[in-house]
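# A look at the structure
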Amino acid sequence: MEFFRPTSLAEACQLKSEHPDAVPLCGGTDVMVDINFDRRRPDALLDLTGVRELYEWSRYDSHVRVGAAVPYTTIIKELSADAPGLAIASRTVGSPQIRNRGSVGGNLGSASPAGDALPPLLAVDAVVETVSATNRRRIPIHEFFLGPKRNALQPDELIAAVHAPVAGGPQQFAKVGTRNAMVIAVCSFSLALHPDTGRVGTGIGSAAPTPLAATQAEDFLSAELADRWTGPAELPDDVVRRFGELVAGAASPIDDVRGTADYRRHALAILARRTLTWTWAEHIRRAQ
Amino acid sequence: MTVSTEVRNRTAGGIGESPVRPDGTFKVTGQFAYSSDLWMDGMLWGATLRSPHPRARITSIDVGPALKLAGVSAVLTHDDVPGEKVYGLEIADQPVLAFDEVRYQGEPVVIVAADHPETARRAAALVVVDYEVVEPVTDPREAVGHPDWKPVHDEPGERTAMSRDRAPVHPHGNIVRHQRIRFGDPDAVTADVVVQGDYEVGMQDQAFLGPESGLAVPADDGGVDLYVATQWLHVDRRQMSGALALPEEKIRLTLAGVGGAFGAREDLSMQVHACMLALRTGRPVKMVYSREESFFGHVHRHPALMRYEHGADRDGRLVYVRAHILLDGGAYTSSTPAVVGNASTLGVGPYDVPNVGMDCWGVYTNNPPCGAMRGFGAVQAAFGYESQMDKLAAAVGLSPVEIRTLNAVSEGSILPTGQRIDSPAPVAELMHRLDAMPLPGSVDQDIRLLPGGVSNTTHGEGVRRGVGYAVGIKNVGFSEGFDDYSTARVRIELVGDEPSVLVHTAAVEVGQGLVTVQAQIARSELGVERVTVAAADTQVGSGGSTSASRQTYVTGGAVRAGCAAVRSSLFERAAARYGPGEFRLVAGKVESLVDGVVGDIASLLLDGPVEHTVQWRHRPTQPLDEATGRGNAHVQWAFCAHRAVVDVDVELGLIRVVELACVQDVGKAMNPDAVLGQIHGGSAQGLGLAVMEEVQVVDGKLRNPSFTDYLMPTIMDMPPMRVEVLELADPHSPYGLRGVGEPPTISSTPAIVAAVRAASGVDLKRVPIRPEHLVAAALCH
């Protein structure tokens, strides 16, 4: 097994173009587990921990750009206001040790439906910035996941960063697991209210082959909220309930070792109702 | 420097104190050497090829491709086993390496030694084994020819006959042991109030953090030295001797650092394999299982199917208990007979029951072998009988505390085996004390402390509080006529003019604190503060197993007896030096009971060291009558009770245990801090069984052999505890002590389940509870 350790993004891209099979390695919380379990045996590893620019985040034009290697611990500490959904999701990732190592770039690279950071990125229409020796691309998050653990990266590309609009409204994330910490999602849900555009965004985790948005639920709720953004009052029960049903209906879960498909649908409806109740209450508070 | 002339009346660091454990600092700072840290220059690494099938005939094994890989020194099969091809704790039926047939997924088939662990694993993967897959027997009911699990009143003899017809996992049929308990007149008796229930316990894993590992070093005399993490050095050696065809004295075992045990190290794992490879290659061989392999490399807790019927009068006083308990022992015998013994004899719990009809079976299937785990037999049964006691309480209008105190055994009670409890049995007092403890405050404001924890699933929605109680009973030490003893060598000598004691036993420290307590006993008995506990090895006689909550009792008893022998010799010297009289040894001094301090212990050692080796036994027990279960089978009983307070998100089916309160009688708290540690740890393991820990097996295959999906409680799951420790001396045991380690594991599970039932209103019949069970009503529309 070859082991490369570039010290700049340009060098990393060069190595990736010369060794397209090299597996990028950063926090190692997915890759090393796979190697230890003998699930994969890459010919080469591309260690990105020496590439400083991947560890930086910045704000521009009411957006944040979060480097692919920025650890969850940093997101929790520094991005709770700008990207609250992502920050709440980051708090649910693994253990403190894993949050110190793991990063959004890893979640995107693994493209597991259970990646905790992915539903909130869907809910805010994030954009994935990729880089190669010859090209830089921006891939909308909704086009990024192609199948179970498959994404839109080309073999010579690396994930450089993810871009998200600075939150214009309340955001939430909730995840069901059978342990009260350090647990992989049985299912998860993220909701972002965008009062500025009059839309809502959603993201569902661990309940389909890929993370996905509940678009029908978004359309329904956006329409229901159209006349309610200003001077907001509590939402009628039937709206909240219907939103939950539509979110559950958007999922295509399976039975597996972590839970049953029926339970996942049931839980998603509840998470959708609760996160809507929380975000809308927060919207009302802010409006007062 | 001033010399104190004050005479202390106690020796510091003795029994009843909590001196710092010698391995403590090293463990918390990461410096402690565990068995997986062993290293020797020039050593090879062993690896194991395991069966991918739960059941298959082996038609051929081709090791050629593996042998061709550079760096490989040996590739061995069952043909290379020097001696007996099978081993076992009680019954030798488990192949060292599979021959003819594999009976569970993960059964070892081929072992490899190579110069690098990765090379060894690659080589193992190159071995070609041809299997003819056979349909496995995976349902224990089916295994005994009884797929319908017919009602309690069935004629049990029928099952035995039927089991012969069902494709047997083993040639002699699928029943490992069937133990009947017949007490009073269980068949004819009737009662005004009857409650029934079916209960199921999933397969829990011990999940110790230090995987199976050790280092085998070939010796010049043709023997082998093995450094290994285990629970009983001498029983390992006995089994190894048969498999390796070496006399026991040519197999020397030294205990390596043990990273937890909980029963999972009672059976052999890599011991014989590493020695076979070392003897074949003439080089040291190290084996370390990976985390995933560890799930295949040791036995698990027996899953149980239980059917109980309790009859009582209208006041709630028990009239009879009828029960069937079916324990899935998996592919090989391991400890199943003892598990059946415990489940049957303790199967009605710590209650006075005038009529008992109990049938308990341990059976073979092609599921993973099950054997020892903390509280075995008693854990499974307690979930059944405590669920029943709550049902009975509801039926007669009593509280959980009232139904238990009303029926509680006490000293003098006769158990269903006919054995009389001849030491304190403060079951009612445990319940009263629990009841008197204050309850925790209302639902927490910190959302991380609500069900779902840090996953942010509720801000209070759907959360209901519940409280539950349970009490359990456990036998301490080996039962049913087993010759249960330990050996201690105690030596006192001058080291740099100071009296110093060396305690040497083969008893295994698994993290519970045995090393500390042995030193405490020696300090108290010999009045010397400088005590060293030698590494456990086979250079001294057997210490017996570190299991059944027995080591402080039995090896503690042996150390005390060894010290007593040494003390007698010292008193002879004292009489010669100071004249006849009665003496005692305290804080380095020799005291005459008449004249006070007469000299230093050091002065008695000028003539040289004193050393004695003693064997010590607890009082004998008897086997159980097969047909009736009569017999004084147990040495001692231990009792522990829990109150659990839980918050349940009844919409999502998520649980957070808010508080566990516990009262346990330990007879004598030899080391109060260690006692609390056992109670906390045991309670946590019981919590795990209640709400999350399960090895999921489908069609004989493990679905979650990793810590990704075999979940154990984190600090966010394990709540603060209120603990009260009672010290009601057992007149038959050393210092009056009772075994401590297992009882808290037994009652914490049913207490938590009772609390979840109270919070949710759901009639839960199975552990671990899964969210689907709690929201089942909402899912079936």
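Here the structure is a predicted model, which means the values were calculated and not measured.

Criteria and thresholds
Residues numbered from 1 in each chain as written. Chains lettered and ligands numbered in written order. Predicted model: local features only at pLDDT ≥ 70, side-chain atom pairs only at ≥ 80, totals over all residues. Heavy atoms only, no water. Buried < 20%, exposed > 50% of the residue type's maximum accessible area, 1.4 Å probe, protein only. Helix = DSSP H or I, 4+ residues; strand = E, 2+ residues; numbered from the N terminus. Pairing = 2+ DSSP bridges. Phe/Tyr/Trp six-rings, centres within 6.5 Å; stacked < 30°, edge-to-face > 60°. Lys NZ or Arg CZ within 6 Å of the ring centre and 35° of its normal. Core = buried A, V, L, I, M, F, W, Y, C linked by side-chain atoms within 4.5 Å. Contact = heavy atoms within 4.5 Å. Axes fitted to C-alpha atoms, helices over the stretch in contact; angles between N-to-C directions. Parallel < 35°, antiparallel > 145°, perpendicular 65-115°, else oblique. Left-handed = near helix turned anticlockwise from the far one by under 90°. Domains from an automatic or database assignment. Buried area = accessible area lost by both parts, 1.4 Å probe. Salt bridge = Lys/Arg side-chain N within 4 Å of Asp/Glu carboxyl O. Polar contact = N/O pair within 3.5 Å; in protein donor to acceptor, adjacent residues only side chain to side chain. Expected span 1.5 Å × (residues − 1).

### Quick look at the pairing of strand β7 (residues 108-114) of chain B
Residue and element names in this part refer to chain B. With seven of seven residues buried, β7 is to be regarded as a mostly interior element. Direction of pairing for strand β1 (residues 44-50) relative to β7: antiparallel, over a ladder of six bridges. Residue pairing for β7: Leu49 is matched across the bridge by Val110.

### Focus: the packing of aromatic side chains
Residues and elements named next belong to chain B. In the structure shown here, the tally under the stated rule is 15 aromatic pairs over all chains. Plain terms: the ring middles of Tyr199 and Phe383 are 5.8 Å apart, the flat faces sit at 80° to each other, and that makes the pair edge-to-face. Of the two residues, Tyr199 is situated in strand β10 (residues 193-201) and Phe383 in helix α10 (residues 378-396); the sequence distance between them amounts to 184 residues. We note that Tyr199, like Phe383, is buried. An aromatic cluster is defined as three or more aromatic residues linked by ring pairs; in this entry it consists of Trp232, Phe478 and Phe482. Taking NZ or CZ as reference, Arg265 lies 3.8 Å from the ring centre of Phe208, over its face.

### Focus on the sheet that holds strand β8 (residues 128-133) of chain B
Residue and element names in this part refer to chain B. Taken in spatial order, the three strands make up an open sheet running β6-β2-β8, and their pairing is antiparallel. For this open sheet the edge positions go to β6 (101-102) and β8, each flanked by a neighbour on one side alone. Across two bridges, the pairing between strand β2 (residues 56-62) and β6 is antiparallel. When the bridges of β6 are listed, Arg57 appears paired with Glu101.

### A word on the nonpolar core
In terms of nonpolar packing, the biggest core is built from 93 residues, with B:Tyr308, B:Ile325, B:Phe639, B:Ile752 and B:Val756 touching the most fellow members. Of the residues forming this core, the biggest block, 10 residues, is contributed by α10(B). Sequence-distant contacts of B:Ile752, defined by excluding residues within four places in its chain, comprise B:Ala644, B:Val646, B:Val657, B:Leu660, B:Leu687, B:Ala690 and B:Val691. If you look at the next biggest cluster of nonpolar residues, it comprises 47 residues, including A:Cys13, A:Ala44, A:Leu46 and A:Val70.

### Considerations on the packing of helix α9 (residues 237-250) of chain A against helix α10 (residues 261-287) of chain A
All names here are of chain A. Where α9 contacts α10, the axes come no closer than 8 Å and their chain directions differ by 135°. As judged from the angle between their axes, α9 and α10 are oblique. Crossing hand, α9 versus α10: right-handed. Of α10, the residues touching α9 (which contributes Val240, Arg241, Phe243, Gly244, Val247 and Ala248) are Arg265, Leu268, Ala269, Ala272, Arg273, Leu276 and Thr277.

### A closer look at unusual backbone geometry
With omega at -5°, the peptide bond leading from B:Val767 into B:Pro768 counts as cis. Tracing the sequence through the fold places B:Pro768 in the loop between β31 (766-767) and α18 (771-774). With phi around 55°, A:Ala111 is a residue other than glycine that occupies positive phi space. As for its position among the elements, A:Ala111 is in the loop between α6 (104-110) and α7 (118-123).

### Topic: the domain arrangement of chain B
All names here are of chain B. Per the domain assignment, the segments of chain B are domain 1 (24-32 + 485-617), domain 2 (35-136 + 206-297) and domain 3 (304-479 + 623-780). Computed over C-alpha atoms, the centres of domain 2 and domain 3 are 35 Å apart. Surface buried jointly by domain 2 and domain 3 totals about 2,300 Å² across both partners, of which 60% is contributed by carbon and sulfur atoms. In terms of surface lost to domain 3, no three residues of domain 2 exceed Glu90, Phe262 and Phe295, which account for 23% of the buried area on that side. There are zero salt bridges connecting domain 2 and domain 3. Summed over the shared surface of domain 2 and domain 3, the number is nine residue pairs in polar contact (both at pLDDT 80 or more).

### Considering the interface of chain B and chain A
The partner chain A presents 33 residues to the 42 residues of chain B that form the contact. On the surface where chain B and chain A come into contact, there are five salt bridges. Between A:Arg258 and B:Asp709 there is a salt bridge, with its nearest N and O atoms 2.6 Å apart. The interface formed by chain B and chain A includes 24 residue pairs in polar contact (both at pLDDT 80 or more). Of the residues forming the side of chain B that touches chain A, the biggest block, three residues, is contributed by strand β27 (residues 654-665) of chain B.

### Quick notes on the pattern of salt bridges
Under the criterion given, the structure shown has 63 salt bridges over all chains. Between A:Glu245 and A:Arg242 there is a salt bridge, and its shortest N-O distance comes to 3.0 Å. You can see A:Glu245 and its partner A:Arg242 sitting in helix α9, three residues apart, about one turn around the helix. Judged by its relative accessible area of 43%, A:Glu245 is partly exposed. Looking at A:Arg242, the relative accessible area reads 37%, which means it is partly exposed. B:Arg103 is the salt-bridge partner of B:Glu101, the closest N and O atoms lying 3.9 Å from each other. For B:Glu101, a relative accessible area of 16% gives the class buried. Connected through salt bridges with shared partners, the residues A:Asp38, A:Arg41, B:Glu118, B:Arg121 and B:Arg122 form a single ionic network.

### As for helix α17 (residues 743-760) of chain B
Count 3.6 residues to each turn of an α-helix, and residues three or four apart come out pointing the same way. All names here are of chain B. With 18 residues, α17 extends 27 Å between its outermost C-alpha atoms, agreeing within 8% with the 26 Å of an ideal straight helix rising 1.5 Å per residue. Within α17, 16 of the 18 residues are buried, which leaves the element mostly enclosed by the surrounding structure. Phi for Gly761, located one or two positions after α17, is positive at around 75°.

### Comments concerning helix α4 (residues 84-91) of chain A
All names here are of chain A. The buried fraction of α4 amounts to seven of the eight residues, a majority that puts the element mostly inside the structure. When α4 is considered as a whole, its buried residues turn out to be Pro84, Gly85, Leu86, Ala87, Ile88, Ala89 and Ser90. Buried residues belonging to α4 abut α3 (72-78), α5 (96-101), α6, α7 and β11 (171-176).

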